[in-house]
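Spelled out, the chains give:
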Amino acid sequence: MIKPPFRFARARFTRAASLSLMLAMVAACGGGAPKPFPVPPAEADLPPANTAAIRRVVLVHPPSKEKVDVIYWHDGAYDGHAMAEVAHIMRDRHTGETHDIDPALMDFISGVILRSSLPPTTQVDILSGYRSPETNAALVKVNRNAARESFHMQGRAADIRIPALKGDAITEIAKTMQRGGAAFYDGSGHTHVDTGPVRTWATYSTR
């Protein structure tokens with residue numbers, strides 16, 4: 001069941017607040033302290049993730065072959081029904097629990113597609129979306145890359161692959177956007193993106 005509707009507005013952080021958060025928070029998916037990008041911009045200075053009249057994402061969960069193809073932004077607003085579909089495919093696959101997904105996360109992902117000069121119909125594989133506290137705690141015990149206070153638990157993070165792009169290229173594009181956290185996991189070949197403070201971090205091979 002979808003929790004109370006996500007408030008479709010991104011919190012506005014001052015430059016000082018953003019820097020403070022970066023130093024205080026553990027990387028959402030990585031081990032060790034987050035490594036900030038040089039002089040993260042204030043929210044007002046960030047380039048738009050997608051300036052198209054409509055914003056579309058095509059999400060696939062590879063193990064189940066489940067697919068969602070939605071226009072989640074149109075007529076100047078996020079579409080609640082489309083975001084509900086996004087939340088469903090990004091549900092916790094261990095508990096079945098569904099949580100609202102930050103629309104800014106979809107902007108981040110669709111922005112990566114846009115900057116890659118790929119069409120909005122480009123497939124994005126979702127390896128991990130929302131994680132319940134129970135699932136995240138279990139993962140922390142067995143995976144040193146998992147963070148105790150992960151943005152996955154807030155519906156603000158996704159581990160993705162884009163079959164049309166190399167994994168490290170996805171990560172580098174995401175970093176240049178400076179819209180949140182981004183890191184490449186070489187062991188699994190996926191990119192973690194989130195709508196937390198602008199940062200990256202060291203990852204560890206789990207091969």
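As a reminder, the structure under discussion sits directly above these lines.
Cut-offs applied
- Residue numbers run consecutively from 1 along every chain, following the written order of its sequence.
- Only residues with pLDDT of at least 70 are given local features in this predicted model, and only at 80 or more are side-chain atom pairs given and counted; all residues enter the totals for whole chains, interfaces and linings.
- As a convention, hydrogens and water are excluded, and side-chain values are obtained from all of the structure's heavy atoms.
- Simply put, an axis is a line fit to the C-alpha atoms, just over the touching stretch for a helix, and the angle between two N-to-C directions goes from 0 to 180 degrees.
- Counting from the N terminus, the helices are the DSSP runs of H or I reaching at least four residues and the strands are the DSSP runs of E reaching at least two.
- Angles below 35 degrees are treated as roughly parallel, those above 145 as roughly antiparallel, those between 65 and 115 as roughly perpendicular, and all remaining angles as oblique.
- Only heavy atoms matter for contacts: two residues are in contact if any of them lie within 4.5 Å across the pair.
- Residues were grouped as follows: Ala, Val, Leu, Ile, Met, Phe, Trp, Tyr, Cys and Pro as nonpolar; Asp, Glu, Lys and Arg as charged; and all remaining residues, including Gly, as polar.
- Here's how the labels work: a residue is buried when its accessible area is under 20% of the maximum for its type, exposed when over 50%, partly exposed in between, all with a 1.4 Å probe on protein chains only.
- When we speak of the arc, we mean the arc of directions from the helix axis to the C-beta atoms.
- We define a polar contact as two N or O atoms separated by no more than 3.5 Å, with the added condition that, inside protein, one atom must be a possible hydrogen donor and the other a possible acceptor, whereas residues neighbouring each other in sequence contribute only through side-chain atom pairs.
- By definition here, a salt bridge exists when the distance from a side-chain nitrogen of Lys or Arg to a carboxyl oxygen of Asp or Glu is within 4 Å.

**Overview of the packing of helix α3 (residues 103–115) against helix α5 (residues 167–177)**
Where α3 contacts α5, the two axes come as close as 10 Å, and the packing angle between them is 110°. It follows that α3 is roughly perpendicular to α5 by the angle criterion. Residue-level inspection shows F108, G111, V112 and R115 of α3 in contact with α5, the latter providing I170, I173, A174, T176 and M177. Split by residue class, the contact of α3 with α5 holds six nonpolar, two polar and one charged.

**Considering helix α2 (residues 80–89)**
Turning to α2, its buried residues number three or more, namely A82, M83, V86, A87 and I89. Buried residues along α2 cover an arc of 170° about the axis, so they all sit on one side. Among the residues of α2, the N-terminal cap falls to D79, whose side-chain oxygen and the backbone nitrogen of H81 are separated by 2.9 Å.

**Some words on the pattern of salt bridges**
Under the definition given, this model contains eight salt bridges. Of the charged contacts in the structure, one is a salt bridge between E172 and K175, with a shortest N-O distance of 3.4 Å. Residue E172 and its partner K175 are located together in helix α5, separated by three residues, close to a single helical turn. Residue classification places E172 among the partly exposed residues on the basis of a relative accessible area of 45%. Where R199 meets D194, a salt bridge forms, and the shortest distance between an N and an O atom there is 2.8 Å. You can call R199 buried: its relative accessible area is 1%.

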